[in-house]
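A structural walkthrough
Listed below are the residues making up each chain.
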2 protein chains.
Amino acid sequence: MHAPSDTVPPADPPRALGDGVGFVLAELGKVALARGDQVLAPLGLTAKHLRVLELAAAEPLSQQQLSLRCGVDRTTMVALVDDFERLGLAERRRDPADRRRYVVALTDAGRQALDAGRDAIARAEDELLAALDDAERAQLRELAHRVLGGTGTIVC
Amino acid sequence: MHAPSDTVPPADPPRALGDGVGFVLAELGKVALARGDQVLAPLGLTAKHLRVLELAAAEPLSQQQLSLRCGVDRTTMVALVDDFERLGLAERRRDPADRRRYVVALTDAGRQALDAGRDAIARAEDELLAALDDAERAQLRELAHRVLGGTGTIVC
DNA sequence: TATTGTTATACTCTATAACTATA
DNA sequence: TATAGTTATAGAGTATAACAATA
């Protein structure tokens, strides 16, 4: 009982905002996204493009369905699909069952670009986590996944 | 040696982009930033505002110095300081030693807003990490800090 | 001649509103 | 009447270029 006071609150939360988890996660997210866009730039794509390409590759989806899953507006999806067509990575195909819809169908070049993009992203992630060993990377992945899962966030 | 093949590569990295650390961190960062902006909105501030306010509170800095530390352009800082003055949170004071410079000086209201903003951010972080226990939160903070540190990123 | 703050301007990203063709 | 895709437009947010005051 040397302390002159026993009413001091038990250690404040981190005083500087820069030390808080929120700011670190926000900055880290920006860095991760920017780095992803950088390594995809040689393919003429962004991280958002690649995510859409992956969704369209997994199953036949209309632009509307793609935009809903990505949490972007229909009008934004128009521009993304325009980019795919311009790059020869996907085609718009009228849905015979509902002629209002276009199904976004990947070309062979599109599937190759998806593979190449996934590789580039994997390398970028490996580089981003250079400061962590394998166990720590798994820990970070698991914790981040769990937190994100608790927010009910759309992934695209 | 039951396996029919011993040349299979040792487990691919996660196939779906949405499972990769990069995308999870990018999404989590967006959520954290958006949530921070939300809880600061009643104060008329954003997370970026609050970070600048904190820097200016810690030591007397010119707009140029603030913009350099935040990694934004001088012209962007003009608008931020305009906001502070409009809200009565800070004042521009000519630096007598170099009359080209304005020192951004917090008012009493500015210091109160900084405190209130810090509290709001602390509550938002606590809410964001609701899915983790204390030990896991500390782990996530430490790992994220370490990764961000490895990138040499500016914090603002 | 260089630097600080400012303004005007442009660029990127995204969303809203209005149009068309289909349902 | 409602929906899918499109276009035109507008709103954030941020940067570049040019300018006045000061060094």
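Since this is a predicted model, take the numbers as computed values, not measurements. (Residues numbered from 1 in each chain as written. Chains lettered and ligands numbered in written order. Predicted model: local features only at pLDDT ≥ 70, side-chain atom pairs only at ≥ 80, totals over all residues.)

Right, let's get into the overall build of chain A. If you tally the helices and strands in chain A, you get six helices and two strands. Written out in order from the N terminus, the α and β elements of chain A read α-α-α-α-β-β-α-α. For chain A, buried positions account for 36% of its 156 residues. When contacts within chain A are restricted to residue pairs at least 6 apart in sequence, those whose partners lie at least 24 apart make up 49%. (Helix = DSSP H or I, 4+ residues; strand = E, 2+ residues; numbered from the N terminus. Buried ≥ 20, exposed ≤ 12 C-beta atoms within 10 Å, placed from the backbone. Contact = placed C-beta atoms within 7 Å.)

Now for the protein's contact with DNA strand D. Among the 19 residues in the neighbourhood of DNA strand D, the closest are listed as Ser62, Gln64 and Arg100 of chain A together with Asp73 and Arg99 of chain B. At the level of secondary structure, the elements contributing two or more residues to the surface near DNA strand D comprise helix 3 (63–70), helix 4 (74–87) and strand 2 (98–106) of chain A together with helix 4 (74–87) and strand 2 (98–106) of chain B. Element by element, the count of residues in the surface near DNA strand D is highest for helix 4 of chain A, at four residues. Class assignment of the residues belonging to the surface near DNA strand D gives a composition of four nonpolar, six polar and nine charged. (Near = placed C-beta within 6 Å. Nonpolar A, V, L, I, M, F, W, Y, C, P; charged D, E, K, R; others polar.)

Taken together, 18 residues are adjacent to DNA strand C, and Asp73 and Arg99 of chain A together with Ser62, Gln64 and Arg100 of chain B come closest. For the surface near DNA strand C, the elements supplying multiple residues, two or more each, are helix 4 and strand 2 of chain A together with helix 3 (63–70), helix 4 and strand 2 of chain B. At four residues, helix 4 of chain B tops the list of elements feeding residues into the surface near DNA strand C. Broken down by class, the residue content of the surface near DNA strand C amounts to four nonpolar, six polar and eight charged.

Let us look at the relation of the copies chain B and chain A. Laying chain B over chain A is done by rotating through 180 degrees and shifting 0.0 Å along the axis; what remains is an RMSD of 0.0 Å. Overall, the copies show the geometry of a two-fold rotation axis. No C-alpha of chain B lies nearer the rotation axis than that of glycine 29 of chain B, which sits 2.1 Å from it. Take the interface residues of chain B: 100% of them recur as interface residues in chain A, which is what a same-surface contact looks like. (Least-squares fit on C-alpha atoms with pLDDT ≥ 70 in both.)

Inspection of the secondary structure puts glutamate 54 of chain A in helix 2 (residues 47–58). Along the primary structure glutamate 54 of chain A and arginine 111 of chain A are separated by 57 residues, whereas in three dimensions their C-alpha atoms are 8.8 Å apart. The contact partners of glutamate 54 of chain A, leaving out residues within four places of it in the chain, are Leu114 of chain A together with Ala16 and Leu17 of chain B.

On to the UniProt feature "domain: HTH marR-type" (unreviewed entry) in chain A, then. UniProt marks residues 18–149 of chain A with the feature "domain: HTH marR-type" (unreviewed entry), using the numbering shown here. Taken end to end, residues 18–149 of chain A is 69% helix and 11% strand, and its first and last C-alpha atoms sit 24 Å apart. (UniProt positions renumbered as here; feature names shortened; annotations may be inferred.)

A pair of packed helices is characterised by two quantities: the angle between their axes and the separation of those axes. Closest axis-to-axis distance for the helix 6 (residues 134–149) of chain A/helix 6 (residues 134–149) of chain B pair is 10 Å, and the angle between their directions is 115 degrees. In this structure, helix 6 of chain A meets helix 6 of chain B at a crossing whose hand is left-handed. Here Glu136, Gln139, Leu140 and Leu143 of chain A of helix 6 of chain A come into contact with helix 6 of chain B, specifically with Glu136, Gln139, Leu140 and Leu143 of chain B. Per-class residue counts for the contact of helix 6 of chain A with helix 6 of chain B are four nonpolar, two polar and two charged. (Axes fitted to C-alpha atoms, helices over the stretch in contact; angles between N-to-C directions. Left-handed = near helix turned anticlockwise from the far one by under 90°.)

Once that is clear, we can look at the nonpolar core. Core analysis: the biggest nonpolar cluster contains 82 residues, and Leu28, Ala56 and Ala144 of chain A together with Leu28, Ala56 and Ala144 of chain B have the highest contact counts within it. Filtering out sequence-adjacent residues up to four positions away, alanine 144 of chain A remains in contact with Val21, Val24, Leu25 and Leu28 of chain B. (Core = buried A, V, L, I, M, F, W, Y, C linked by C-beta atoms within 7 Å.)

Residues and elements named next belong to chain B. A rise of 1.5 Å per residue sets the reference length of helix 5 (residues 108–128), with its 21 residues, at 30 Å; its end C-alpha atoms lie 30 Å apart and thus fit the reference within 8%. Considered for burial, the residues of helix 5 that qualify are Gly110, Ala113, Leu114, Gly117, Arg118, Ile121, Ala124, Glu125 and Leu128. Buried residues in helix 5, looked at end-on, bunch into an arc of 140 degrees, giving them a common side. More than 90 degrees from the buried face of helix 5, the exposed residues found are Asp108, Asp115, Asp119, Arg123 and Glu127. (Expected span 1.5 Å × (residues − 1). Arc of directions from axis to C-beta.)

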